[in-house]
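# Understanding the architecture of this molecule
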Amino acid sequence: MMRKQTNTLLSALAFAFASATVSVPSMLVATDAVAQEQKASEKKTRRVPTLRGKVYEQLARAQTAADEAGNVEEAIAILKEVEDKSDSMNAYEKAMMYNFFGFIYYNNEDYVKALESFAKVVEQQPIPEKFEMTTLFSLAQLNLMQGNYDETITYLERWESLNTGPVPVKNKVIKAQAYYQNKQYDEAAMWISEAVADHEAEGMIPDEGWLILQRAIFYELKQPQKVKDVLIKMVKLFDEPKYWIQLAGMYGELGEERKQLAIMETAYQRGFVNTSADVFNMAQLYYYHRVPYKGAMLMEQAMNDGVLEKNLRNLKFLGQSWSLAKEQDKAIPVMMQAAELSEDGELDAQLAQILLNEERFDDAIAAADRAVEKGDLRNPGLVYLIKGMALYNKKQYALALNQLAEAEKHQKSRAMAQQWKQFVQGEKRQADALASELGAS
């Protein structure tokens, strides 16, 4: 890395020695910025002093130490010797010296000193305008990398003050990044939107990273419609699974659930729904759109494939989906598995209700007993009501009335328990009367 960078610098130094009208290309050269510079014939010429041979020789010595010997400390020491004589140097020579300081520090990963050195380059005046502009742009990039966002914007604005053409797209993107990191989202939105629009106006596809930034900015601004529009563009341009899933999520946030489900179904058909979170979210969409059978099939397949764990949450929702789909034969065994994993009795209570409806009275009573034993029920009286109804269907009227009496003690189940109590009492009287008649005969 060092050899390549310093060789580039030495070549530039040699050319600069021959002609003071060109500049050393600084680190992270901004080709977009350079391209925007006006032709020399259209601009007022900036008179710049020349780089003298003796200064060039000292800079070349430092380059040799850094490149051929790999001795960074020696290279810096040589440059400091040159700096000690800076009173006799012109602005251009000082700028070249600090530029090389910056390269050495940057390649040695001393970014703080690299920034200080490159900042000193643009303090020297006069220097070639192209040299100043490329260094300003590099300073903007480096400050962005280092998290100095105000400085990034300052250096970009200094670059723009020298530029007479339109602001390049690259500058706008960097400005948007700096404003975004500074939490100045309105300014960030303006610059990134301009950058994307400019690029598209030239018939070019925006960089994926630009659209990611634009999406993030609109999200921070709480503009979900714009986030959705960016995601639609990203789906069309890059067709990445994550963008399909994110687009579906934004339709959900906007309350457009039918489009959300349509996007998720397309993503599923494309093979993009393959994480446990995505599978569960899609199953929930099917459930809430009253197509629970599809959701249950999706979850069951995911469990068989090992994508979804057979944990309490997943088994509970799968059982509920089968139940809503009126597939009770499939719902019951799943609900039983879920209930075994649950510490409270709520799932056992739900299971008891399903078993009662399926006329599996002994199983319903057993599930109700488990629910009571575990406790923590939202509606405890319901369990006693279910058990009473199951016992009634088994014609065990006295036991049924005992359970209904328990249900009557709870506010939520009292009214229904009283109605059933009257009905069961009537059935018991008829049964008792019939038994008496048969016994008498």
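Note that this is a predicted model, so its numbers are computed, not measured.

### Points about helix α18 (residues 328–341)
In this model, α18 (14 residues) spans 20 Å end to end at C-alpha, consistent with the 20 Å of a helix rising 1.5 Å per residue. For α18, the elements touching its buried residues are α17 (312–324), α19 (346–357) and α20 (361–374).

### Digging into the packing of aromatic side chains
Per the stated rule, a full pass over the model turns up 15 aromatic pairs. Judged by centre distance (5.7 Å) and plane angle (85°), the ring pair of Trp-420 and Phe-423 falls under edge-to-face. Taken together, the positions of Trp-420 and Phe-423, both in helix α23 (residues 411–440) and 3 residues apart, correspond to about one turn of that helix. Ring-pair connections join several aromatic residues into one group, and the members of that group are Phe-280, Tyr-287, Tyr-288 and Phe-317. One cation-aromatic arrangement involves Arg-313 over Phe-280; the distance from NZ or CZ to the ring centre is 3.6 Å.

### A short note on helix α12 (residues 224–238)
Between its first and last C-alpha atoms α12 spans 20 Å; for 15 residues at 1.5 Å apiece the expected length is 21 Å, and the two agree. Against α11 (208–220) and α13 (241–253) lie the buried residues of α12. One or two steps after α12, the chain reaches Asp-239, where phi turns positive at roughly 50°.

### What to know about the environment of Asp-344
Among the secondary structure elements, Asp-344 is positioned in the loop between α18 and α19. For Asp-344, a relative accessible area of 27% puts it in the partly exposed group. Note: C-alpha distance between Asp-344 and Lys-374 (30 residues apart in sequence) is 5.2 Å. From its side chain, Asp-344 meets the backbone nitrogen of Glu-346 in a polar contact 3.0 Å long.

### Section: the nonpolar core
Within soluble globular proteins, side chains that are nonpolar tend to cluster in buried spots. Grouped together as the largest cluster of nonpolar side chains are 132 residues, with contacts concentrated most on Ile-104, Ile-192 and Met-299. The dominant element in this core, judged by the number of residues it contributes, is helix α5 (residues 91–107), at 11 residues. When sequence neighbours within four positions are dropped, the list of residues in contact with Ile-192 reads Val-173, Ala-176, Trp-210, Leu-213, Gln-214 and Ile-217.

### Some details on the packing of helix α7 (residues 129–145) against helix α8 (residues 149–162)
The geometry of α7 relative to α8 is characterised by a closest axis approach of 8 Å and an angle of 160° between their N-to-C directions. With respect to their mutual orientation, α7 and α8 come out roughly antiparallel. Between α7 and α8 lies a crossing of left-handed hand. For the pair α7 and α8, contact is made by Glu-129, Glu-132, Met-133, Leu-136, Phe-137, Leu-139, Ala-140, Asn-143 and Leu-144 and by Tyr-149, Glu-151, Thr-152, Tyr-155, Leu-156, Arg-158, Trp-159 and Leu-162, respectively. Broken down by class, the residue content of the contact of α7 with α8 amounts to 11 nonpolar, 2 polar and 4 charged.

What counts and how
Residues numbered from 1 in each chain as written. Predicted model: local features only at pLDDT ≥ 70, side-chain atom pairs only at ≥ 80, totals over all residues. Heavy atoms only, no water. Helix = DSSP H or I, 4+ residues; strand = E, 2+ residues; numbered from the N terminus. Expected span 1.5 Å × (residues − 1). Contact = heavy atoms within 4.5 Å. Phe/Tyr/Trp six-rings, centres within 6.5 Å; stacked < 30°, edge-to-face > 60°. Lys NZ or Arg CZ within 6 Å of the ring centre and 35° of its normal. Buried < 20%, exposed > 50% of the residue type's maximum accessible area, 1.4 Å probe, protein only. Polar contact = N/O pair within 3.5 Å; in protein donor to acceptor, adjacent residues only side chain to side chain. Core = buried A, V, L, I, M, F, W, Y, C linked by side-chain atoms within 4.5 Å. Axes fitted to C-alpha atoms, helices over the stretch in contact; angles between N-to-C directions. Parallel < 35°, antiparallel > 145°, perpendicular 65-115°, else oblique. Left-handed = near helix turned anticlockwise from the far one by under 90°. Nonpolar A, V, L, I, M, F, W, Y, C, P; charged D, E, K, R; others polar.

The values reported here are purely geometric and, on their own, carry no functional implication.
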